[in-house]
Amino acid sequence: MASGEGFLTDEQREMLKIASQNVETALPSPRLSSSPKSPTSLLSDHQLKVPAGGKAPTGGIAVRHVRRSHSGKSIRVKKDGAGGKGTWGKLLDTDGESHIDRNDPNYDSGEEPYQLVGSTISDPLDEYKKAVVSIIEEYFSTSDVEVAASDLKDLGSSEYHPYFIKRLVSMAMDRHDKEKEMASVLLSSLYADVISPPQIRDGFVMLLESADDLAVDILDAVDILALFVSRAVVDEILPPAFITRAKKTLPESSKGYQVLQTAEKSYLSAPHHAELLERRWGGSTHVTVEEMKKKIADLLREYVESGDTFEACRCIRELGVSFFHHEVVKRALVLAMEIQTAEPFMLKLLKEAAEEGLISSSQMVKGFARLAESLDDLALDIPSAKTLFQSIVPKAISQGWLDASFMKSSCTDGEAQNEDKKLDRYKKEIVTIIHEYFLSDDIPELIRSLEDLGLPEYNPIFLKKLITLAMDRKNREKEMASVLLSALHIEIFSTEDIANGFVMLLESAEDTALDILDASNELALFLARAVIDDVLVPLNLEEITSKLPPNCSGSETVRMARSLITARHAGERLLRCWGGGTGWAVEDAKDKIMKLLEEYESGGVVAEACQCIRDLGMPFFNHEVVKKALVMAMEKKNDRMLDLLQVCFNEGLITINQMTKGFTRVKDGLDDLALDFPNAKDKFSFYTEYAQKNGWLLPSFGSSATEALPTAAAS
């Protein structure tokens, strides 16, 4: 019996092999993870599907209850290996049923049966959308603006607020006028306090993009959404420029584009459109914003005279516009600054209104913040406005009716952070504005966009960004940038803005050269062209050089610009340096202006004359059109030229600043004109009054011109 064959038959030997495999599977082993018989493979053999998110069925087959035969088939056996075909039964068989006793000293928690427990992974945006639906439904039921604002704040996830706007408006669109009015009122109350202006804009953009889908369920979706957009513009939560900008992002065939057209042509351009829109859905107050402001001003003045705080609070409560209480705060503070004796009354009123809960903390902070933003303008009428405001703020905080967070937001660090954020937003905005200009070549639209931003202190940064972007493009864009600089200098940029912008460009010239190989030459051309276009004077080049570090590449660029300016025929060459624009010298432009005015005077039509002015392509030089038109009117004794100027202004072809500059140039030359036209001064006075009456000449010009004329006549 040298071999083991005498002890075990072949059948017994096979049974032993199967039993060994079963024991290996039942006992935990670190090798299971890499074995073909690992739990993962066993689970897949039994089609236990576990979702990617980590969920698993709770009533699945436990791993240790699965066995394999030598043939590779999976079989189900009893717990701990007992029974089943091809098994030896339990390792320790007992007559009674075995059970786990947690009180047993030898108890091992590892012996407990286990289950795979799945967990649901939720999308935060889905959760937010579900939550805001209940907030909106509750608001439509209760009309409580404060509760809705509080619930939205408590919900957090402020980055999703555009979805709230989309949901609020879309739900209101499918309901009665009452809910539509309530939705508009809620948006006005949440503006700036809870939802930032960019989020308001993004929410309406999302609505416009989904207008096609909304129209499937709501037949008049285009008209209703146009009303919501128009109402948002009237309520000053969307800027008027929103419509123009949004149009450029939407296909003309889309419902969203139709919404904007309807809002612009049917609602916002209608006479008394603000009042009509305020009352379109019945209104919660039946008064316009201006009327509400007047009511607030009247009740505050009555309070100053009577001193009855209780009566003033009652009047504020009766206004029924809790979302507009920041206007009460702002006007009360302004009145306290205007009338020194009114300050103690106003502070007492605001204190009691805050303590009664009549004016909420957020509305109080918003009122102070609005006043802080307008202090520069207010200081023109009240020189001590800033000092008075700085004295009121600590009093309000110490008495507990102004949140201390307002002071923190006004501290130096806070200002620095806010300034950085504001500058970042400005840079993003102007890049978009410049790209749009390069596509449209629309200078008036660009100027309007910059005025909408309302940040003239950043004008040098705009110039730097404009020229940097133009240098990385073709000659067409470089020419457009130079033409734009001339127009901006006339309209809204000072010479100092232009000079500081070039200083910033020259300081970063070395960095710019890393991306633009010929940056130094390009900058020299821009600088020289600015001098030729009368945007800068040669003396400005010396000022720019003095602000640069000595022996830097920027100083070399200025020297190069000087060489270009002093070269023979520099004017004509620099006007044509990029082969764009008109390429005309100033004298050529004057000659063309004279010819087109003569053609119009001899019987031409206004539309044709306007088109000729437009074709000149020199909007920054339109003051010359104004000047020559006025002189020709005096010479021909024909006032048809005034009709032309009126149409040019109405079409936005000649701006009010260009008009003012043209009139100024005529006024400066009146003494010489009087030698040829004895009644020149009388005529000019008539033209001035006519232009001012029709709104295309600044009112301030009239007074200065009137004062100057008698002096000139006396001399």
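Cut-offs used in this document
- Residues numbered from 1 in each chain as written.
- Predicted model: local features only at pLDDT ≥ 70, side-chain atom pairs only at ≥ 80, totals over all residues.
- Heavy atoms only, no water.
- Helix = DSSP H or I, 4+ residues; strand = E, 2+ residues; numbered from the N terminus.
- Buried < 20%, exposed > 50% of the residue type's maximum accessible area, 1.4 Å probe, protein only.
- Contact = heavy atoms within 4.5 Å.
- Areas by Shrake-Rupley, 256 points an atom, 1.4 Å probe, with all protein chains shown as cover.
- Disulfide = S-S within 2.5 Å.
- pLDDT = per-residue confidence, 0-100.
- Axes fitted to C-alpha atoms, helices over the stretch in contact; angles between N-to-C directions.
- Parallel < 35°, antiparallel > 145°, perpendicular 65-115°, else oblique.
- Left-handed = near helix turned anticlockwise from the far one by under 90°.
- Salt bridge = Lys/Arg side-chain N within 4 Å of Asp/Glu carboxyl O.
- Expected span 1.5 Å × (residues − 1).
- Arc of directions from axis to C-beta.
- Phe/Tyr/Trp six-rings, centres within 6.5 Å; stacked < 30°, edge-to-face > 60°.
- Core = buried A, V, L, I, M, F, W, Y, C linked by side-chain atoms within 4.5 Å.
- Patch = residues over 30% accessible without salt bridge, like charges linked within 9 Å, V, L, I, M, F, W, Y side chains within 5 Å.
- Lys, Arg positive; Asp, Glu negative; His and termini not counted.
- Charge placed at Lys NZ, Arg CZ, Asp CG, Glu CD.

S.K.: So what about the overall build of the protein chain? Which residues, and what values?
M.R.: Regarding its fold elements, the protein chain presents 38 helices and 2 strands. The 715 residues of the protein chain split such that 42% are buried. Restricting to contacts in the protein chain with at least 6 residues of sequence separation, those with at least 24 account for 71%. A total accessible area of about 38,500 Å² is found for the protein chain, and carbon and sulfur atoms account for 52% of it.

S.K.: Could you give an account of the state of the cysteines, with specific residues and numbers?
M.R.: Note on terminology: disulfide describes a covalent bond linking the sulfur atoms of two cysteines. In this structure the tally under the stated criterion is 0 disulfides. Distance from the sulfur of cysteine 313, which forms no disulfide, to the nearest cysteine sulfur (cysteine 315) is 9.3 Å. According to the relative accessible area criterion, cysteine 313 is buried, its value standing at 2%. Considering cysteine sulfurs only, cysteine 648 is the nearest to cysteine 610, which forms no disulfide, with 3.9 Å between them.

S.K.: Give a description of the side chain of asparagine 459 that names residues and reports values.
M.R.: Within the secondary structure, asparagine 459 sits in helix α23 (residues 459-471). The class of asparagine 459 is buried, set by a relative accessible area of 5%. Those residues in contact with asparagine 459 that lie beyond four places of it in its chain are Tyr426, Ile492, Phe493 and Asp497.

S.K.: Requested: an account of the confidence of the model for the protein chain, with residues and values cited.
M.R.: Parts of the prediction with low pLDDT should not have their coordinates interpreted in detail. Looking at the protein chain, pLDDT values average 77 and 77% of them are 70 or higher. Mean pLDDT across the elements of the protein chain bottoms out in helix α2 (residues 39-45) (39) and peaks in helix α5 (residues 161-173) (93). Within the model, the stretch residues 29-75 combines pLDDT values under 50 with 71 contacts to residues more than four positions away or in other chains. Here residues 77-81 scores under 50 on pLDDT; set against residues more than four positions off or in separate chains, the count is 12 contacts.

S.K.: Tell me what's going on with the packing of α23 against helix α25 (residues 495-507), and back it up with residues and numbers.
M.R.: As a packed pair, α23 and α25 sit with axes 8 Å apart at the nearest point and diverge in direction by 55 degrees. Between α23 and α25, the interaxial angle falls into the category oblique. You can see that α23 and α25 cross each other, and the crossing is right-handed. When α23 is examined against α25, the residues Asn459, Pro460, Ile461, Leu463, Lys464, Ile467 and Thr468 are found in contact with a partner set consisting of Asp497, Ile498, Asn500, Gly501, Phe502, Met504 and Leu505.

S.K.: So, the pattern of salt bridges: which residues are in play, and what are the values?
M.R.: A full pass over the atoms with the stated rule returns 26 salt bridges. Ionic pairing is found between lysine 294 and aspartate 298, a salt bridge with its closest N-O pair at 3.2 Å. Here the residue lysine 294 and the residue aspartate 298 both occupy positions in helix α13 (residues 289-306), the gap between them amounting to 4 residues, near one helical turn. Linked by salt bridges that have partners in common, Glu181, Arg231 and Asp235 make up one network.

S.K.: So what's going on with helix α19 (residues 385-398)? Residues and values would help.
M.R.: An α-helical turn contains 3.6 residues, so any two residues separated by three or four positions project in the same direction. For α19, built from 14 residues, the straight-helix expectation of 20 Å at 1.5 Å per residue is met to within 8% by its first-to-last C-alpha distance of 20 Å. Listed in full, the buried residues belonging to α19 are Ala385, Phe389, Ile392, Val393 and Ala396. Burial along α19 is one-sided: seen end-on, the buried residues are contained in an arc of 110 degrees. Opposite the buried face of α19, at more than 90 degrees from it, the exposed residues are Thr387, Gln390 and Ser398. Once α19 ends, the next one or two residues include glycine 400, with phi positive near 85 degrees.

S.K.: How would you explain the packing of helix α34 (residues 640-650) against helix α37 (residues 680-693) if you had to name every residue and give the values?
M.R.: For any two helices packed against each other, one specifies the crossing angle of their axes together with the interaxial distance. Following both chains from N to C, one finds α34 and α37 inclined at 30 degrees, their axes separated by 12 Å at the closest point. Between α34 and α37, the angle falls in the class roughly parallel. Judged by the twist between their axes, the crossing of α34 over α37 is right-handed. Contact residues: α34 offers Leu642, Asp643 and Gln646, while α37 offers Phe686, Tyr687 and Tyr690.

S.K.: Explain the packing of aromatic side chains to me, using residue names and the numbers behind them.
M.R.: Enumeration according to the criterion identifies 15 aromatic pairs in this entry. Geometrically, the ring pair formed by phenylalanine 368 and tryptophan 401 is tilted, given 6.1 Å between the ring centres and 55 degrees between the ring planes. Linking phenylalanine 368 in helix α17 (residues 361-373) with tryptophan 401 in the loop between α19 and α20 (405-409), this pair joins segments that are 33 residues apart in sequence. Judged by centre distance (5.9 Å) and plane angle (40 degrees), the ring pair of tyrosine 437 and phenylalanine 438 falls under tilted. For the pair formed by tyrosine 437 and phenylalanine 438, the shared burial category is buried.

S.K.: Tell me about helix α33 (residues 622-636), and please be specific about residues and values.
M.R.: For α33, spanning 15 residues, the distance from its first C-alpha to its last is 21 Å, which sits close to the expected 21 Å at 1.5 Å a residue. Counting buried residues along α33, 11 of its 15 residues qualify, which places the element largely inside the surrounding structure. If you check which residues of α33 are buried, you get Asn622, His623, Glu624, Val625, Val626, Lys628, Ala629, Leu630, Met632, Ala633 and Met634. Positive phi shows up at lysine 637, right after α33, with a value of about 55 degrees.

S.K.: Describe the nonpolar core, naming the residues involved and giving the relevant values.
M.R.: Ranked by internal contacts, the top residues of the largest apolar core, which has 57 residues, are Phe164, Met173, Phe204, Leu225, Phe228 and Phe242. Broken down by element, the residue count for this core peaks at 11 residues, all from helix α9 (residues 221-234). The contacts of methionine 173, once residues within four sequence positions are left out, are Lys180, Leu214, Ile218, Ala221, Ile224, Leu225 and Phe228. Phe438, Ala470, Ala509 and Leu523 belong to the second largest nonpolar core, which has 55 residues in total.

S.K.: Break down a negative patch on the surface for me, citing the residues and quoting the values.
M.R.: Together, Glu598, Glu599, Glu608, Glu635, Asp672 and Asp676 give the surface a local cluster of negative charge. Mapped onto the negative patch, the elements with two or more residues apiece are α31 (586-601) and α36 (670-676). Within the secondary structure, glutamate 598 is located in helix α31. Under the relative-accessibility criterion, glutamate 598 is labelled partly exposed at 43%.

S.K.: Lay out the environment of asparagine 500 in plain terms, naming residues and giving numbers.
M.R.: Secondary-structure assignment places asparagine 500 in helix α25. Considering only alpha carbons, one finds asparagine 500 and glutamate 543, 43 residues apart in sequence, at a separation of 9.7 Å. Setting aside its immediate chain neighbours within four residues, asparagine 500 contacts Pro460 and Lys547.

S.K.: Explain unusual backbone geometry to me, and be specific about the residues and the numbers.
M.R.: With a phi angle near 55 degrees, serine 157 is a residue other than glycine that sits in the positive phi range. Take serine 157: it is sitting in the loop between α4 (145-155) and α5. Residue serine 157 is classed as partly exposed on the basis of its relative accessible area, which comes to 30%. Its identity as a non-glycine residue notwithstanding, aspartate 441 has a phi of 60 degrees, on the positive side. Within the secondary structure, aspartate 441 sits in the loop between α21 (412-440) and α22 (443-453).

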